[in-house]
Amino acid sequence: MRVITGKAKGVVLKTPEGLLTRPTADRVKEALFSAIQFSLPGARVLDLFAGTGQLGIEALSRGAKAAVFVDHRREACRLVEENLRRTRLEGRVIQADYLSYLARTKETFDLIFLDPPYGEDFLENAVKRISEIDILADGGIMVTEHSAGKALPERFPGLQRSRDYRYGKTAITIFQKGEPEE
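Thresholds, definitions, all that
Numbering of residues starts from 1 in each chain and follows the order in which that chain's sequence is written. Confidence filtering applies because this is a predicted model: local features only for residues at pLDDT of at least 70, side-chain atom pairs given and counted only at 80 or more, and all residues used for totals across whole chains, interfaces and linings. Side-chain measures here rest on the full set of heavy atoms in the structure, leaving out hydrogens and waters. Helix and strand assignments follow DSSP, with helices taken as H or I runs no shorter than four residues and strands as E runs no shorter than two, numbered in order from the N terminus. Under the scheme applied here, a residue whose accessible area is under 20% of the maximum for its type counts as buried, over 50% as exposed, and between as partly exposed, the area being computed with a 1.4 Å probe on protein chains only. Polar contacts here mean pairs of N or O atoms no more than 3.5 Å apart (in protein, one a potential hydrogen donor and the other a potential acceptor; neighbouring residues in sequence count only if both atoms are side-chain atoms). Working rule for contacts: check all heavy atoms of both residues, and any pair within 4.5 Å makes them a contact. Pairing between two strands requires that DSSP report at least two bridges joining them. As a rule, the C-alpha atoms of each element are fitted with a line to give its axis, helices using only the stretch in contact, and angles between N-to-C directions run from 0 to 180 degrees.

S.K.: Explanation requested: the side chain of S61 in the structure shown.
M.R.: Along the chain, S61 turns up in helix α2 (residues 54-61). Of the residues examined, S61 reaches a relative accessible area of 3% and is grouped as buried. A polar atom in the side chain of S61 sits 2.7 Å from the backbone oxygen of T5. Setting aside residues no more than four positions away along its own chain, S61 makes contact with V3, T5, G6, K7, A8, K9 and L89.

S.K.: Just to check I follow, could you spell out the sheet that holds strand β7 (residues 159-167) for this structure?
M.R.: Sheet strands line up and pair through hydrogen bonds in the backbone, either parallel or antiparallel. The sheet built from eight strands is open, its strands ordered β3-β2-β1-β4-β5-β8-β7-β6 with mixed pairing. A single partner strand is all that each edge strand has here, and the edge strands are β3 (92-95) and β6 (155-156). In this sheet, strand β4 (residues 109-114) lies alongside strand β1 (residues 44-47) in parallel orientation, the contact comprising three bridges. Looking across to β4, one finds that L46 is bridged to I112. In the packing of helix α5 (residues 122-133) onto the sheet, contacts are made with β4, β5 (136-147), β6 and β7, and the angle to β5 comes to roughly 175°.

Written as structure tokens, this is what we have:
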């Protein structure tokens, strides 16, 4: 797993041992960042189920202004911190359950990454809660990664489903605050 392009291009990111974290495959990450490339410069990013931090780190490498990485596991937070050091990029790492973090955050983000464990209801709960607390900036986008077999609703309050991509067993669904891009 490596940073694909930008300031930290080619830096190999440390990955966890075991199966608790499922890093996004490079080909999926490359396609995803091609789809959102114009939203990155100057963006404030939330990587909510950070794992290795690779999505937020890729965004920082490509010009995002700031990133917050949230994961409930101490080991994952240490891994994100190590990967930030490796890439010489800066971000804030917070160890917290996603719902606890969302309950107390006052920040607004231009780009939110949601890549929770598959097979759980974390994704729907996170999207619903984010739409309720309104932390996505006007025109901002939320990128969700999930199993291709998982169906997501077309709309959440204040969010419009914008695009869907499928890569084998992995699906990416992009929501946008307000009206979808044409």
